[in-house]
Amino acid sequence: MNWISNVVRPKIRSFLRREVPENLWIKCPETGQLVFYKDVEANQFVIPGSNYHMRIGAVARLKNLFDNSEYEDIPLPEVAVDPLKFRDERRYADRLKDARTKTNLDDAVKVGVGLLDGLRVTAAVQDFDFMGGSLGMAAAEAVIKGLETAARRGTPFIMFAASGGARMQEGILSLMQLPRTTVAVQELREARKPYIVVLTNPTTGGVTASYAMLGDVHIAEPGALVGFAGPRVIEQTIREKLPEGFQRAEYLKEHGMVDMVVHRHNLRATLAELCRILTKAPAVKSRATLPVPATAQA
Amino acid sequence: MRSYLDFEKPVAELEAKVEELRTMQESGNAVGIEEEIARLEAKAKQALAELYADLTPWQKTQVARHPQRPHCLDVIGTLVTDFMPFAGDRKFGEDEAIVGGFGRFRGESICVIGHEKGSSTESRLKHNFGMARPEGYRKAVRLMDMADRFDIPVLALVDTAGAYPGIGAEERGQAEAIARSTDACLSLSVANVAVILGEGGSGGAIAIATANRVLMLEHAIYSVISPEGAASILWRDTSKAQDAATNMKITAQDLVRFGVIDDIVGEPIGGAHRDPAAAIAATGDAIAAAFTGLKHLDRAALRRQRREKFLAIGRSIV
């Protein structure tokens, strides 16, 4: 590595990123079928045909959620960068720099306030593309900020979780984000505003062991992997192959950990209705809901 | 029989020599070797003190996991009188990886919750090596709720490699159980003190260690993932566990600097396993001091202090 690869290459990469991959083909991870990226993007990143729910970026998720794709971008607190001066095969500081270039985000969580079918809500989104959506000080401060914003402004809070777990490069400080985010959940609870968690693929580790499992309502996207220990760790521990569908959204519903499994096309309408009912807002006819393919009806 | 860790080899050799001379002396085969024995003993003692004054994070990991290190039940057995262990989460089952109940600490009622690793093959299996399942955390929540209602302080004794990663544990909501337990700690309106006795492993530890005061034994470790786990994920090479232990900053001395723990409980020279009674006595004094320091806080203030303390962690690091 030299300064050229450190400084110039990421810049070139970020320049290239801005070009929309017009004629890119995407392979469905489930069926192997090839589909046009543009078709997938137009379908809220659900693969037409197989209904596989792909990961979705934080900004796209917020735009999909709020009326007219408009929202107030909540400024997030600054935190100490690389407090442990951590290095594994690479320096954590370099990994962070790369993740920022790759995603155009400061860290893994974004927070927005806007209207959802006319009702004001606060939402936070965890972007898996930013170091696996891992929970470090910055991401946790964002979640805390989101919960506090909802409590102060008196809005429901919607958390779109996606994470591999704690950010190991921040060591014990990442573990401390479990109780810290839980404090903020308690603040929202005391403000008596609904906390809705949307579990997306995948959500595991420290994130599920804290705020992602403390919602008033838990919704999971179809097929989402949700659990504390990852499947690989469990397989290594018990030396057995895991059953089909283990730790998937539908399995979690069967085992009482989520209230509903909702297709992404129905998510906005479901969230809007939930927020309205739980805040005793009058019914409105839901707008901007995409028709759901027959195969996705749950 | 004393078991030695690999880095204790120089001490082991000196002590073996002392033992050998003693046997000779007792059988009357040697005379006038008292001086030699005393000299070697002093040398062994000094070597041990020097070694333990400067343990690497990996060496501390080994000490923290030492099979003869005092465990939760040893501490309870000495410090808590009239201990009455409770069983079950009232939902599914009993998990002996977490022991809990009520008793008296220095004459006053106390609720104790802790991970027990076990001390023989049989008891290790019984306690699942201190790796709890959801039932363990749900039992902890049950006990904390009770303690809160009866205005009895809570003591948490932490010693776990982490929560158990198994099919049944996942099926019954391991993540949710841990989250609810942390939540319960943060809801307490009574004082709670946590002591990291040996290993403070990840979510399985924080679930009961979210306390007004967090203490840590001098050679204990506390981390987000085991050094082996970090090595396998970040280095993709389990042999890098030593590097992971160093880089992750898992020692009591590092954590007091980050404000993650409040105080360090000194261990006897050569570690708690050399003199468990002394280690437990020091732990008892530290626990008493921690509770005394919280005496002036009323129920609302205790809750506030705990929340503010955790929210402040990391905010002053630049």
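Residues numbered from 1 in each chain as written. Chains lettered and ligands numbered in written order. Predicted model: local features only at pLDDT ≥ 70, side-chain atom pairs only at ≥ 80, totals over all residues. Heavy atoms only, no water.

1. Focus: the packing of helix H8 (residues 174–187) of chain B against helix H14 (residues 299–312) of chain B
Residue and element names in this part refer to chain B. Definition in use: For helices, the fitted line uses only the C-alpha atoms of the stretch in contact; every axis is such a line through C-alpha atoms, and the angle between N-to-C directions lies from 0 to 180 degrees. Helical segments are the DSSP runs of H or I of at least four residues, strand segments are the runs of E of at least two, and each set is numbered from the N terminus. For classification purposes, an angle smaller than 35 degrees is called roughly parallel, one larger than 145 roughly antiparallel, one from 65 to 115 roughly perpendicular, and anything else oblique. Residue contacts follow a heavy-atom distance rule, with two residues in contact if any of their heavy atoms lie within 4.5 Å. As a working rule, the residues Ala, Val, Leu, Ile, Met, Phe, Trp, Tyr, Cys and Pro are called nonpolar, Asp, Glu, Lys and Arg charged, and the rest polar, with Gly in that last group.
Relative orientation of the contacting elements H8 and H14 amounts to 125°, with a least axis distance of 8 Å. With respect to H14, the axis of H8 lies oblique. Residues Cys185, Leu186 and Ser187 of H8 lie in contact with H14, whose contacting residues are Arg303, Arg306 and Arg307. Looking at side-chain class alone, the contact of H8 with H14 contains two nonpolar, one polar and three charged residues.

2. Here we look at the packing of aromatic side chains
This is how it is decided: Two rings belonging to Phe, Tyr or Trp (six-membered ring only in the last case) form a pair when the distance between their centres is within 6.5 Å. Interplanar angles under 30 degrees mark stacking, angles over 60 mark edge-to-face geometry, and anything in between is tilted. Think of it in three bands: residues with accessible area under 20% of the maximum for their type are buried, residues over 50% are exposed, and the middle band is partly exposed, with areas taken using a 1.4 Å probe on protein chains only. In this scheme, the term charge over a ring applies when either NZ of a lysine or CZ of an arginine sits within 6 Å of the ring centre and within 35 degrees of the ring normal.
Scanning the model with the defined rule gives eight aromatic pairs over all chains in all. Taking the centre distance of 6.0 Å and the plane angle of 65° together, the rings of Phe86 of chain A and Trp235 of chain B count as edge-to-face. Residue Phe86 of chain A is found in the loop between strand E3 (71–73) and helix H4 (92–103), and its partner Trp235 of chain B is found in helix H10 (residues 227–235); the two belong to separate chains. Each of the two residues, Phe86 of chain A as well as Trp235 of chain B, counts as buried. Each ring, one from Phe7 of chain B and one from Tyr52 of chain B, has its centre 6.1 Å from the other, and the planes form 50°; the classification is tilted. Remark: Tyr52 of chain B occurs in helix H2 (residues 34–53) and Phe7 of chain B occurs in the segment before helix H1 (9–26); sequence separation between them is 45 residues. Assessed through its relative accessible area of 5%, Tyr52 of chain B is described here as buried. The ring of Tyr164 of chain B is capped by Arg133 of chain B, whose NZ or CZ atom sits 4.5 Å from the centre of that ring.

3. What to know about the interface of chain A and chain B
The line we're drawing: The quantity reported as buried area is the accessible area (1.4 Å probe) lost by two parts once they are put together, taken as the sum for both. One side-chain nitrogen of Lys or Arg within 4 Å of one carboxyl oxygen of Asp or Glu is enough to make a salt bridge. Identification of polar contacts relies on pairs of N or O atoms within 3.5 Å, with a donor-acceptor requirement for protein atoms, meaning one able to donate a hydrogen and the other able to accept it, and with residues adjacent in sequence counted only if both atoms are side-chain atoms.
At the junction of the two partners, chain A supplies 50 residues and chain B supplies 48 residues. Looking at the side of chain A facing chain B, the largest losses of area belong to Met168, Ile172 and Phe228 of chain A, adding up to 16% of the total buried there. Between the two partners, chain A and chain B, sit five salt bridges. Between Arg236 of chain B and Glu89 of chain A there is a salt bridge, with its nearest N and O atoms 3.2 Å apart. Summed over the shared surface of chain A and chain B, the result is 17 residue pairs in polar contact (both at pLDDT 80 or more). When contributions to the side of chain A that touches chain B are tallied by element, the ones reaching two or more residues are helix H5 (137–153), helix H6 (171–175), helix H7 (177–190) and helix H8 (231–238) of chain A. Counting residues per element, the side of chain A that touches chain B draws most heavily on H7 of chain A, which supplies nine residues.

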